[in-house]
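Here are the chains, one letter per residue:
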Amino acid sequence: MGGAEVTKNEVKLNLSAGLASVGVAGVLVILKLWAFGQTGALSVAASLADSAMDLMISLGAMAAIIYAAKPADEDHAFGHTSAEDLAALGQSIFILISAGVIAVAAISRLGQPTDEGLTAEGPGMIIMALSIVLTLGLVLWQGRVARKTGSRVVAADRLHYLGDLLPNIGAIASLWVSSRFGLVSVDSVVALGAAVMLALGALRIGKSAFDALMDRRADPAIISDIGEIAKEWPGVRGYHDIKTRVAGSRVFVQIHIELDGDQPLRAAHDIGAALRREILHRYPQADVIVHKDVAH
């Protein structure tokens, strides 16, 4: 007994979040590219690189949503959700490289003090403030979609954009300090901090994707909860061998339940089917297989 496929409405909502993410990221790249050309601020460059990463991640996420939504077929009996993890792993490597480039540039500027200040700080701050407004609007929509569909891809993308707010605020702060006090070095410090945040985020995303590709088990809290559901379910005398793995936004679950061997086959089937429905109710993105054994 497997899990239900993602509904067409859920796919449409997930795609709407993906399209919004791509659109916002594209606009931010254009705006920040102009702001960097006007100001020469490394903190803006770091934010620009982050938005470029966002654009690539959003494109990959949208492609993964489309591909992962395909139903299981003869060659992919468990569906196509691992595409999400492959995309995330590649993106995390690219983000790490970009973070390294930004960090090197920031350290180099710190090591070679210059009297040359930043320029056009006012327009730069306006662009970065607009970036914050657009990002806030996006995360609000992504949060709504994630709550309705349970998509981990959309939720992860939303978390990434939430993390972008700090570098954007830092870029505004560095431009303001440069304009008010002429402290250009603050720009390099902010850029270095943004690079560290990018690297940490990339490592987190990469580890999660790698774990999923290596069939790592689901969150222990989920496994424990499923065990408690089975333990208390009417007609179930015991359970064993709960096996789980995660692929993209899906959690695959197999559980063996022990039933009275003297009861009719239909009654045993109904118990297993009802238990599966309850697990799916708790975890809508799960794919559940219930094996029925005779209790000893």
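Sequence positions are assigned chain by chain, starting from 1 and proceeding in written order. Under the rules for a predicted model, residues below a pLDDT of 70 receive no local features and side-chain atom pairs below 80 are neither given nor counted, while totals for whole chains, interfaces and linings still include all residues. As a rule here, side-chain values cover all heavy atoms of the structure and leave hydrogens and water aside.

Q: What should I look at first to understand the pattern of salt bridges in this one?
A: Between side chains of opposite charge, a pair can form when the charged atoms approach closely. One speaks of a salt bridge when a side-chain nitrogen belonging to Lys or Arg is within 4 Å of a carboxyl oxygen belonging to Asp or Glu. Per the stated rule, a full pass over the model turns up three salt bridges. A salt bridge links Glu278 to Arg282, with the nearest nitrogen and oxygen atoms 3.3 Å apart. Remark: Arg282 and Glu278 occur in helix α8 (residues 265-282); sequence separation between them is four residues, near one turn of the helix. Connected through shared salt-bridge partners, Asp225, Glu278 and Arg282 make up one network. The numbering of helices and of strands both runs from the N terminus, where a helix is a DSSP run of H or I of at least 4 residues and a strand a run of E of at least 2.

Q: Can you help me understand α8 in this one?
A: The periodicity of an α-helix, 3.6 residues per turn, causes residues three or four places apart in sequence to face the same way. Helices are assigned an expected span. That span is 1.5 Å times one less than the residue count. For α8, spanning 18 residues, the distance from its first C-alpha to its last is 26 Å, which sits close to the expected 26 Å at 1.5 Å a residue. A simple rule labels every residue: compare its accessible area, found with a 1.4 Å probe on the protein chains alone, to the largest value its type can have, and call it buried under 20%, exposed over 50%, or partly exposed in between. Listing the buried residues of α8 in full gives Ala268, Ile271, Gly272, Ala273, Ala274, Leu275, Arg276, Ile279 and Leu280. Contacts are assigned to residue pairs that have any heavy atoms within 4.5 Å of one another. Close packing links the buried residues of α8 with α7 (220-232), β2 (250-259) and β3 (286-294).

Q: Please clarify how empty space enclosed by the protein should be interpreted in this entry.
A: Which parts of space are left empty comes out when a probe the size of a water molecule is rolled across the atoms. Both cavities and pockets are sets of points on a 1 Å grid over the protein atoms alone; in a cavity a 1.4 Å probe fits but cannot get out, in a pocket the set is open with protein on both sides within 12 Å along at least five of seven lines, and lining residues sit with an atom within 4 Å of a point. Grid points are joined across faces, edges and corners, and a volume is the space filled by probe spheres set on the points. Applying the stated rule across the entire model yields one cavity of 30 Å³ or more. Put simply, the largest cavity is a space of about 40 Å³. What lines the largest cavity is a set of 10 residues, among which Ala17, Gly18, Ile65, Val154 and Asp157 lie closest to the centre. Among the secondary structure elements, those contributing two or more residues to the lining of the largest cavity are α1 (8-39), α2 (42-68) and α5 (152-181). Ranked by residues supplied to the lining of the largest cavity, first place goes to α1 with four residues. Each residue is assigned to one of three groups, with Ala, Val, Leu, Ile, Met, Phe, Trp, Tyr, Cys and Pro labelled nonpolar, Asp, Glu, Lys and Arg labelled charged, and all others, Gly among them, labelled polar. In the lining of the largest cavity, the residues fall into five nonpolar, four polar and one charged.

Q: Where do I start with a nonpolar patch on the surface in this structure?
A: Exposure above 30% relative accessible area and no salt bridge define the residues that can form patches, which grow by joining like charges within 9 Å and nonpolar side chains of Val, Leu, Ile, Met, Phe, Trp and Tyr within 5 Å. With residues, only the protein chains shown are counted as cover, and all accessible areas are computed by Shrake-Rupley using a 1.4 Å probe. Together, Leu96, Val196, Leu200 and Leu203 line one region of the surface with nonpolar side chains, adding up to about 350 Å² of accessible area. Looking at the element boundaries, Leu203 is found in helix α6 (residues 185-213).

Q: Even after reading the chapter, I still don't get the packing of aromatic side chains, so can you show me in this structure?
A: Each aromatic ring pair is described using two quantities: the centre-to-centre distance and the angle formed by the ring planes. Pairing of aromatic side chains here covers Phe, Tyr and the six-membered ring of Trp, requires ring centres within 6.5 Å, and sorts the geometry by plane angle: under 30 degrees stacked, over 60 edge-to-face, intermediate tilted. In this structure the tally under the stated criterion is zero aromatic pairs. Lying across the ring of Phe252, Arg245 places its NZ or CZ 4.3 Å from the centre. Any Lys NZ or Arg CZ that is within 6 Å of a ring centre and within 35 degrees of that ring's normal is treated as a charge sitting over the ring.

Q: Could you clarify how one ought to interpret the side chain of Ser131 in this entry?
A: As for its placement among the helices and strands, Ser131 is situated in helix α4 (residues 121-149). Ignoring anything within four residues of it in the chain, the contact list for Ser131 reads Leu28, Lys32 and Asn168.

Q: Honestly, the sheet that holds β2 in this entry has me stumped. Any pointers?
A: What links the strands of a sheet is backbone hydrogen bonding, and the strands pair in either a parallel or an antiparallel sense. Strands pair, by our definition, only if DSSP identifies at least two bridges between them. Strand order across the open sheet formed by three strands is β1-β2-β3, with mixed pairing between neighbours. Edge positions in the sheet fall to β1 (238-247) and β3, since each has one partner strand and no second. For this sheet, the mean inter-axis angle between neighbouring strands, taken without regard to orientation, is 15°. Across eight bridges, β1 lies against β2 in antiparallel orientation. When the sheet's bridge partners are listed, Val246 is paired in β2 with Val251. To get an axis, fit a line to the C-alpha atoms, keeping to the stretch in contact for a helix; angles then go from 0 to 180 degrees between the N-to-C directions. Packed onto the sheet, α7 meets β1 and β2 and runs at close to 145° relative to β1.

In short, shape yes, function no, at least from these values alone.
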